[in-house]
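Per-entry structural report
Listed below are the residues making up each chain.
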Amino acid sequence: MRGSRSARAARPAFPMRVIAPALFLLLVVAAGRVPAAQTSTATLNASINSVARLSLSSAALTFPDADPDTVPSIQASQGPITVTAKARTSPNGTITLTVRASDELRSGLNTIPASNITWVAAGAGFSNGTLSATTAQAVATWTGSGVRAGTQTFFFRNIWSYATGTYTLTITYTLSAA
Amino acid sequence: MKKAVWSAVIAAAVVLLGSSSAFAQQTAGASIAVTAHVDAKAKLTLSLSSINWLDADPDVTPTFSSGPITVDVKARTSAGGAVTVTVLADGDLTSGTDTIAVNTLAWTASGTGFTATGNNSFTAAQTLGSWTNSGNHTGTQTLTLPNSWTYKTGTYTATLNYTLTAP
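Throughout what follows, the structure given in this document is the object of discussion. Keep in mind that this is a model prediction, so the values were computed, not measured.

1. So, the overall build of chain A
Each helix and strand counted, chain A has two helices and 12 strands in total. Going residue by residue from the N terminus, the α and β elements of chain A occur as α-α-β-β-β-β-β-β-β-β-β-β-β-β. Taking all 178 residues of chain A together, 25% fall into the buried category.

Set out below in structure tokens:
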């Protein structure tokens, strides 16, 4: 009699013979509601547009006075100007950097042709050139996106025939990324 | 499924919009202010710094001649500014107390802007050349002195001072 009570107390509330069929039933029901396989595509779009950025190491160029016989070509006091061009363009797209003078060198009514200013360039893609007030002159060309840097050292042709004065002009750079 | 289709359409539209702007040309600019200083200056160069005439028979050599002296004038001045070269003797040709009048020391010159003929003076600067505006000019000057029987013997000297002015 005592042994029979002990056996009843140890019996689980949900015997295995009840749980196993219940789990099987749940799986069957669940399997009926969920597809056998599913694929999903996530598309990631990174929008990379054309962009161009240009920076110069100096905003001014100064050519000091000098004796034309001893210094026929005056180098700008600032020395080489560092030009940094950053551009994003299409594959094999052309990037061009040009420069143009706003006008001839002017001191009141007196003028000196802007073409009397030349530059010597250093750096991949950069080229030497002569300033012009009428036509933009190529400073550099590249292909494809990237960051490029080079230098321009400017020179002023120093001849006796100039009228005295302080001559000024502005040179404008344009970086284009197609 | 409908949701997936709409997502694909929107994604394609985004790609198309993105690609159209990606091909637009982009530009960037920068500028530099340029200043060139051109100051007044003048430079005068003579091809020789002394003339030495040896004694000669006045009948055989009635006139001493220096031969052409190259005068090189370089000047920077204001627009329309006058550039002049003048010559002023420091005195008559002298040998001790003896003298030969320096105004008998004459010149002939050639070159644009140079005074073709002139006589030296120690009282007033004589204009050898004059020009307008900056530039360089080259000419020649030949000095001559009569070889007269009346001169007293001696070694006569004088200095000619050339002045280039470019205001």
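2. A word on the interface of chain B and chain A
Facing the 35 residues of chain B at the interface are 47 residues of chain A. Of all the secondary-structure elements, those providing two or more residues to the side of chain B that touches chain A are helix H1 (2–22), strand E1 (26–38), strand E2 (41–46), strand E3 (63–76) and strand E10 (135–146) of chain B. For the side of chain B that touches chain A, the element with the highest residue contribution is E1(B), accounting for 13 residues. Looking at side-chain class alone, the side of chain B that touches chain A contains 15 nonpolar, 15 polar and five charged residues. Where strand E12 (residues 165–177) of chain A meets E1(B), 13 bridges bridge the pair, whose relative direction is antiparallel. Paired with Thr170(A) across the two strands is Ala33(B), which belongs to E1(B).

3. Topic: unusual backbone geometry
A positive phi angle, near 65°, is found at Asn92(A), a position not held by glycine. You can see Asn92(A) is positioned in the loop between strand E4 (81–88) and strand E5 (94–101). Of note in the backbone geometry, Asn133(B) takes a positive phi value of approximately 80° without being a glycine. Take Asn133(B): it is sitting in the loop between strand E9 (126–132) and E10. On the basis of neighbour count, Asn133(B) is assigned to the partly exposed category, with 17 C-beta atoms found within 10 Å.

4. Let's talk about the sheet that holds strand E4 (residues 82–89) of chain B
All names here are of chain B. Taken together, the three strands give an open sheet; going across it, the order is E9-E4-E11, and neighbouring strands pair in antiparallel fashion. Single-partner strands in this sheet number two, and they are E9 and strand E11 (160–165). Taking the axes of each pair of neighbouring strands and ignoring which way they run, one obtains an average angle of 10° across the sheet. With six bridges connecting them, E4 and E9 associate as antiparallel partners.

Parameters and conventions
- Residues numbered from 1 in each chain as written.
- Chains lettered and ligands numbered in written order.
- Predicted model: local features only at pLDDT ≥ 70, side-chain atom pairs only at ≥ 80, totals over all residues.
- Helix = DSSP H or I, 4+ residues; strand = E, 2+ residues; numbered from the N terminus.
- Buried ≥ 20, exposed ≤ 12 C-beta atoms within 10 Å, placed from the backbone.
- Contact = placed C-beta atoms within 7 Å.
- Nonpolar A, V, L, I, M, F, W, Y, C, P; charged D, E, K, R; others polar.
- Pairing = 2+ DSSP bridges.
- Axes fitted to C-alpha atoms, helices over the stretch in contact; angles between N-to-C directions.

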